2 protein chains.
Amino acid sequence: MENALVRKLEGYISLSPDDKRQLNAIIRNPRHVPAHTDLATEGDKPTSVHLVMEGFACRYKFTAEGNRQIMAYLLPGDFCDMHVVVLKQMDHSIATISPCTVVDIPRDHILALLQKPTLSLALWCAALVDAAVLREWLVNVGQRRAGQRLAHVLCELLLRLRIVGLADNSYDLPLSQKDLADTIGVSNVHLNRVLQDLRREDLITWKAEHLVIKDIDRLMEYSGFNPNYLHIGRQGANPDARTD
Amino acid sequence: MENALVRKLEGYISLSPDDKRQLNAIIRNPRHVPAHTDLATEGDKPTSVHLVMEGFACRYKFTAEGNRQIMAYLLPGDFCDMHVVVLKQMDHSIATISPCTVVDIPRDHILALLQKPTLSLALWCAALVDAAVLREWLVNVGQRRAGQRLAHVLCELLLRLRIVGLADNSYDLPLSQKDLADTIGVSNVHLNRVLQDLRREDLITWKAEHLVIKDIDRLMEYSGFNPNYLHIGRQGANPDARTD
DNA sequence: CGCTGGCAATAACAAATGTTAGAAAGGAAA
DNA sequence: TTTCCTTTCTAACATTTGTTATTGCCAGCG
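Basis of the calculations
Residues numbered from 1 in each chain as written. Chains lettered and ligands numbered in written order. Predicted model: local features only at pLDDT ≥ 70, side-chain atom pairs only at ≥ 80, totals over all residues. Heavy atoms only, no water. Salt bridge = Lys/Arg side-chain N within 4 Å of Asp/Glu carboxyl O. Helix = DSSP H or I, 4+ residues; strand = E, 2+ residues; numbered from the N terminus. Buried < 20%, exposed > 50% of the residue type's maximum accessible area, 1.4 Å probe, protein only. Phe/Tyr/Trp six-rings, centres within 6.5 Å; stacked < 30°, edge-to-face > 60°. Pairing = 2+ DSSP bridges. Axes fitted to C-alpha atoms, helices over the stretch in contact; angles between N-to-C directions. Near = heavy atom within 4 Å. Polar contact = N/O pair within 3.5 Å; in protein donor to acceptor, adjacent residues only side chain to side chain. Least-squares fit on C-alpha atoms with pLDDT ≥ 70 in both. Contact = heavy atoms within 4.5 Å. Buried area = accessible area lost by both parts, 1.4 Å probe.

(A) How the structure looks around the pattern of salt bridges. Applying the stated criterion across every chain yields a total of 32 salt bridges over all chains. A salt bridge links A:Asp179 to A:Arg68; its shortest N-O distance comes to 2.7 Å. Of this pair, A:Asp179 sits in helix H6 (residues 177-184) while A:Arg68 sits in strand E5 (residues 68-74), and the two are 111 residues apart along the sequence. The same class applies to A:Asp179 as to A:Arg68, namely buried. The closest approach of N and O atoms between B:Glu156 and B:Arg160, which form a salt bridge, is 2.9 Å. Taken as a pair, B:Glu156 and B:Arg160 lie in helix H5 (residues 146-163) at a separation of four residues, close to a single helical turn. One exposure class covers both B:Glu156 and B:Arg160, and it is buried. Taken together, the shared-partner salt bridges in this structure form one network comprising A:Lys8, A:Asp78, A:Glu156 and A:Arg160.

Take a look at the structure:
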């Protein structure tokens, strides 16, 4: 089994053995990071790209009034930030949620990857899909009501975890209700309300950090979920990738 | 005066005369597009990258329930979508708001630019800043209340239009109230309410498509605006760009 | 074993925002 | 001008969501 990064990128574009070798070469020296630990903090000068290999991490930002918005979940195979390549300052923070295995990739190694046309396109793919996910989150928070928003996030996590082989119809969800509330832009009290709705509708169960989606079709229907923005196909094979 | 694209990219990274020549070479054959016209529609196979040279355009998406979310404003110098490089299907639509001058850049020309290290980095910059703007929009919609959201959007447009020389303390804003409502995720009625608030507080005037910001410091204070996410400096000179 | 602290669940009430409807204002075209 | 149409503005009321507070649960730890 390939690692999560190669597996994800191959969903976008086919990689030669040499490409894969070069990718594997940069993910040396993984380190373990405890839960709830910043990998990068707003205002820092970014020094390396972080790549999550195991565990759950997130991007987040606090407003001037002290409210937190989670802007992305970073799952195994996800680059935390390509900012290091060109920007001088982090405009948001990145933190682990569960204990994680993380690889730090120096800027020069990323620049080297960008020299190779195929890998450059693969990294563009990853970045463009990240942006597509972010756009869908904006739609979610801007246009859907709280119950739908929550269901939508749970659908997305299911599909993204499936890509890297970490879910079937259930998955480990090491988030607190406050984390989810800060993801969909509601109070923790209201999050609990709509969570009870999903349970009452028998759409999910969630206890001891394990989420079971009892009927994915109904949950997608409930939330208005359309997976096109993830640009994936079934079982990680991606019919949406360009082959020309 | 350089064109808006070169002007914007030079804010991120310094370009050689040859780089600029190559950039100028791809922005041939601008065409005029009427207001309220799709440049690309969700589900399309993207065929070329659109670059806005004049006018206002936007990204948007409709939910299953028929609500529209505007996900970005595309101003002069902005690439509409790099999707064409690698993705097979548009996951959202792009439309003009005002009449626009647009350049269509074939996929191969973009790939050629990506071969040149400096231009490749410049395009990464543009993409990373676009993503940063999108994240801030998510924070805006998720964590601020309607009045602050509106003020925040107006602050951002001021700064972004200044970069390309299209604003001082006022600018042309060819949007309807419904457009703004669909941007910050509120109803048109509520948008009007908070707009009246801003007028009553003497923060702005807006009529005949011209917006005047009467006190930018107070408006930034009001909205909790922090410009760091735009990664710009004063007058388009960008102290935030890496020079190493 | 019993603290203790964080998280989850619930209730009661307050505030923000949505919905519906209609009147007023403005622009474009006959 | 008049008409027509879109947009803006306002009001009244409905609904969603936030706030504050309290309770119970459970894991970690002395």
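Now that the structure has been shown, the text picks up again.
(B) Representation of the packing of aromatic side chains in the model. Residues and elements named next belong to chain A. In this structure the tally under the stated criterion is nine aromatic pairs over all chains. For the ring pair tyrosine 60 and phenylalanine 62, a centre distance of 5.8 Å and an interplane angle of 85° mean the geometry is edge-to-face. Accessibility expressed as a relative area gives 11% for tyrosine 60, which makes it buried. Take phenylalanine 62: its relative accessible area is 48%, and that puts it in the partly exposed class.

(C) Highlighting the pairing of strand E9 (residues 204-207) of chain B. All names here are of chain B. The alternating pattern of E9 places Ile204 and Trp206 on a buried face and Thr205 and Lys207 on a face that is not buried. As paired strands, E9 and strand E10 (residues 210-213) are joined by four bridges and run antiparallel to one another. Across the sheet, residue threonine 205 finds its bridge partner in E10, namely valine 212. What sits between E9 and E10 in their antiparallel hairpin is a turn of two residues, with alanine 208 showing a positive phi close to 50°.

(D) Here's a closer look at the sheet that holds strand E8 (residues 170-172) of chain A. Residues and elements named next belong to chain A. Taken together, three strands build an open sheet; the order of strands is E8-E10-E9 and the sheet is antiparallel. In the strand order of this sheet, the two ends are held by E8 and strand E9 (204-207), each with one partner. Direction aside, the axes of adjacent strands within the sheet are offset by 10° on average. Sheet topology places E8 next to strand E10 (residues 210-213); three bridges connect them, and they run antiparallel. Residue pairing in the sheet places serine 170 in a bridge with valine 212 of E10.

(E) The arrangement of the protein's contact with DNA strand C in detail. Residues in close proximity to DNA strand C total 15 residues, the closest being A:Gln177, A:Asn192, A:Arg199, B:Ser187 and B:Arg193. Backbone sugar and phosphate groups make up 62% of those atoms of DNA strand C lying within 4 Å of the protein. Contacts to DNA strand C include A:Gln196, whose side-chain N or O atom sits 3.4 Å from a phosphate oxygen. When residues of the surface near DNA strand C are assigned to their parent elements, the largest contribution, five residues, is made by helix H7 (residues 188-200) of chain A.

(F) Fine view of the relation of the copies chain B and chain A. The transform that puts chain B on chain A rotates by 180° and translates by 0.0 Å along the axis, for an RMSD of 0.0 Å. Interpreted geometrically, this transformation is the action of a two-fold axis. Among all C-alpha atoms of chain B, that of B:Leu138 lies closest to the rotation axis, at 2.7 Å.

(G) The arrangement of the side chain of B:Ser170 in detail. Residues and elements named next belong to chain B. When you line up the elements, serine 170 lands in strand E8 (residues 170-172). Its relative accessible area of 17% is what places serine 170 among the buried residues. Not counting chain neighbours up to four residues away, the residues in contact with serine 170 comprise Leu158, His210, Leu211 and Val212.

(H) Structural context of the interface of chain B and chain A. Contacts between chain B and chain A engage 60 residues on the former and 59 residues on the latter. The junction of chain B with chain A conceals about 5,400 Å² of combined surface from both sides, 61% of it contributed by carbon and sulfur atoms. At the boundary of chain B with chain A, the tally comes to four salt bridges. B:Lys61 serves as the salt-bridge partner of A:Glu136, at 2.5 Å between the closest nitrogen and oxygen. Between the two partners, chain B and chain A, sit 18 residue pairs in polar contact (both at pLDDT 80 or more). If you list the elements that add at least two residues to the side of chain B that touches chain A, you get strand E4 (57-62), strand E5 (68-74), helix H3 (107-115) and helix H4 (117-143) of chain B. If you tally residues by element for the side of chain B that touches chain A, the top one is H4(B), at 19 residues.

(I) Molecular detail of the protein's contact with DNA strand D. Residues in contact with DNA strand D amount to 16 residues; listed here are only the nearest, A:Ser187, A:Arg193, B:Gln177, B:Asn192 and B:Arg199. The sugar-phosphate share of atoms of DNA strand D within 4 Å of the protein amounts to 62%. At 3.3 Å, a backbone N or O of A:Ala146 approaches a phosphate oxygen of DNA strand D. Between DNA strand D and B:Arg199, the relevant distance is 3.0 Å, taken from a phosphate oxygen to a side-chain nitrogen or oxygen of the residue. When contributions to the surface near DNA strand D are tallied by element, the ones reaching two or more residues are H7 of chain A together with helix H7 (188-200) of chain B. Counting residues per element, the surface near DNA strand D draws most heavily on H7(B), at six residues.

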